[in-house]
Amino acid sequence: MNSYLEMGFNKFLQKLSLQPREYLSASDSQANSPSGRVSYDSQTPSARSFTAVVSTSKGDGTFLSIQEAINAVNKLGGGTVFIKAGTYTMGTSLTLYSNIKILGEDRDNTIIDFNGGAFGFRAIGTLTSQLRNIELRDVLLKGSEYIDEGTIRMNYCNDCIIDNVKLSSNSPVNNAPDINLNNPTRIYIHRCSFSDGPPAIQLRDFSLCTVAECYFSAANQQCIQPFNGTGLIIRDNVFLSSEDYSIYSDGAPAGLFIANNVINQQNKEGIYIDAPTDYQIVGNYVVGPGDDDGTYNGITLVAGSRAVVVGNIVKDFAGTSSSDGIELSNMDNCVIDGNVCTGNGGYGINIATATCDKNIVTSNQLLGNTTGALQDLGTATTSANNVIV
């Protein structure tokens with residue numbers, strides 16, 4: 001029997017390197033529903049790589065309901081739910097399970113509109129029953145106002161991917177983030193776009209996660225908030241005109257690698273970390289708003305140890321005489337090397353407290369900072385080869 005893929009989807013799926021598929025045999029018909037059918041990869045039937053297609057209009061073999069398609073594929077152990085371009089207005093949340101891949105036809109035109117309701121995507125595991133291998137790709141999510149939950153909520157999920165998802169005009173109540181991850185392990189957030197909304201990404205009790213190549217524009221709250229975890233890579237992201245901190249944490253995470261991000265026209269702190277341990281902050285371009293009325297620094301580290309701050313450009317945090325390029329308070333055994341700090345209202349680099357101990361400040365260029373180039377109130381600081389103008 002010819003599949004729906006042979007009636008219009010082969011070319012699309014061939015671009016994704018997927019094989020043509022056939023309908024399930026009669027013995028598998030219990031997974032189908034009155035509104036749609038599920039296919040599987042006939043080349044590797046033992047793998048049972050199932051696919052269900054969702055459309056805004058009824059067609060042969062298609063589902064009208066996203067959740068119904070998810071449920072049908074889940075009954076067979078997992079697979080792909082391919083959502084054709086169109087606007088899908090939701091009246092309830094969408095529940096995800098292990099081994100489910102949500103794939104939109106394209107990010108700009110596959111729109112899931114939660115229509116101002118307390119709805120979103122939900123993947124809720126537990127400590128003893130964790131979810132795995134969930135993917136969400138190539139869709140636009142809007143209109144979520146889920147109290148304390150956020151637009152995408154994952155609890156106890158492992159080995160998951162959120163890729164090329166656009167989140168716009170969501171307004172969850174009580175500052176719930178667009179992506180809300182609790183106890184995540186190996187979650188990869190990639191090429192996502194966030195605009196005009198709440199905090200963008202929050203991770204709690206995380207392990208070995210990555211946020212890469214995302215775009216944050218006009219966020220009203222903190223863009224990335226890591227709390228109480230170990231192992232997080234934040235790299236190659238763009239933050240534009242955020243109203244709050246771009247990267248903010250006061251929850252003592254450890255082992256963060258923050259690299260090659262562009263933070264431009266930041267209205268508060270670019271990077272603020274409370275109680276950091278074993279951090280690398282490398283090669284970021286952090287630009288403040290110029291002469292405003294805020295007392296904010298480009299990079300602030302408080303009450304931690306063993307941070308490496310290398311090769312960053314930090315400029316134009318010029319709100320007051322207390323606006324520093326890089327500031328350390330109660331930080332020990334850090335390396336501050338090869339940074340360029342220029343045009344800041346306070347110091348280029350400020351070792352701000354006597355409780356800072358045994359830090360190394362070398363080979364930085366400290367140019368045109370209003371209050372001064374370098375202040376060192378710490379103990380046993382090694383300072384050498386800095387260029388001061």
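See above for the structure.
These lines cover the structure that appears in this document, whether it is placed above or below.

Conventions used here
Residues numbered from 1 in each chain as written. Predicted model: local features only at pLDDT ≥ 70, side-chain atom pairs only at ≥ 80, totals over all residues. Heavy atoms only, no water. Helix = DSSP H or I, 4+ residues; strand = E, 2+ residues; numbered from the N terminus. Buried < 20%, exposed > 50% of the residue type's maximum accessible area, 1.4 Å probe, protein only. Contact = heavy atoms within 4.5 Å. Areas by Shrake-Rupley, 256 points an atom, 1.4 Å probe, with all protein chains shown as cover. Salt bridge = Lys/Arg side-chain N within 4 Å of Asp/Glu carboxyl O. Pairing = 2+ DSSP bridges. Phe/Tyr/Trp six-rings, centres within 6.5 Å; stacked < 30°, edge-to-face > 60°. Lys NZ or Arg CZ within 6 Å of the ring centre and 35° of its normal. Patch = residues over 30% accessible without salt bridge, like charges linked within 9 Å, V, L, I, M, F, W, Y side chains within 5 Å.

## Overview of the overall build of the protein chain
If you tally the helices and strands in the protein chain, you get two helices and 42 strands. Looking at the 389 residues of the protein chain, the share that counts as buried comes to 53%. Of the contacts formed within the protein chain by residues at least 6 apart in sequence, a portion of 61% connects residues at least 24 apart. For the protein chain, the accessible area works out to roughly 14,900 Å², and carbon and sulfur atoms hold 46% of it.

## Structural notes on the pattern of salt bridges
Under the definition given, this model contains eleven salt bridges. Residue R153 is joined to E149 by a salt bridge in which the shortest nitrogen-to-oxygen separation is 2.9 Å. When its relative accessible area of 13% is taken as the criterion, R153 is described as buried. The exposure class assigned to E149 is partly exposed, which follows from its relative accessible area of 22%. R186 is the salt-bridge partner of D159, the closest N and O atoms lying 2.5 Å from each other. Of this pair, D159 sits in strand β15 (residues 157–163) while R186 is found in strand β18 (residues 185–190), placing the two residues 27 residues apart along the sequence. Here the residues in one salt-bridge network are E135, R137, D163 and R191, joined through shared partners.

## With respect to the pairing of strand β37 (residues 347–351)
Two faces, one strand: in a regular strand the side chains alternate between the faces of the sheet. Buried residues dominate β37, accounting for five of its five residues. Relative to β37, strand β34 (residues 326–332) runs parallel, the two being bridged by three bridges. Bridging across to β37, L328 finds its partner in I351. As defined by bridge partners, β37 adjoins strand β40 (residues 372–376) across four bridges and the pair is classed as parallel.

## Considerations on the environment of K142
Relative to the helices and strands, K142 resides in strand β13 (residues 140–144). Considering only alpha carbons, one finds K142 and D113, 29 residues apart in sequence, at a separation of 5.0 Å. Leaving out residues up to four positions away in the same chain, K142 has contacts with I111, I112, D113, F114, N115, S168 and N170.

## Some points on unusual backbone geometry
Positive phi, close to 60°, is recorded for D138, a residue that is not glycine. Here D138 is to be found in the loop between β12 (135–137) and β13. The backbone of N164 sits at a positive phi, close to 55°, despite the residue not being glycine. On the secondary structure map, N164 appears in the loop between β15 and β16 (166–168). N164 gets classed as buried once you look at its relative accessible area, which sits at 17%.

## Observations concerning the packing of aromatic side chains
Tallied over the entire structure, the rule returns seven aromatic pairs. With centroids separated by 4.9 Å and ring planes inclined at 5°, the aromatic side chains of F194 and F216 adopt a geometry described as stacked. In this pair, F194 is assigned in strand β19 (residues 193–195) and F216 in strand β22 (residues 215–217), connecting sequence segments 22 residues apart. Among the residues examined, F194 registers a relative accessible area of 3% and is labelled buried. When its relative accessible area of 2% is taken as the criterion, F216 is described as buried. Ring geometry for Y245 and Y248: centres 4.8 Å apart, planes at 45°, overall tilted. For the residue pair Y245 and Y248, the accessibility class agrees, reading buried in each case. Ring pairs connect the aromatic residues Y245, Y248, Y272 and Y296, which therefore count as one cluster. The lysine or arginine in question, R204, covers the ring of F227, its NZ or CZ lying 4.5 Å from the ring centre.

## Re a nonpolar patch on the surface
Together, Y215, V238, V262, Y285 and I313 line one region of the surface with nonpolar side chains, adding up to about 350 Å² of accessible area. Judged by its relative accessible area of 31%, V262 falls in the partly exposed class.

## As for the pairing of strand β3 (residues 50–54)
In terms of burial, β3 is a largely internal element, five of the five residues being buried. Residues of β3 alternate between two faces, with F50, A52 and V54 on one and T51 and V53 on the opposite face, all of them buried. Here five bridges tie β3 to strand β5 (residues 79–83), and the two strands are oriented parallel to one another. Note that in β5 the partner of T51 across the bridge is T80.

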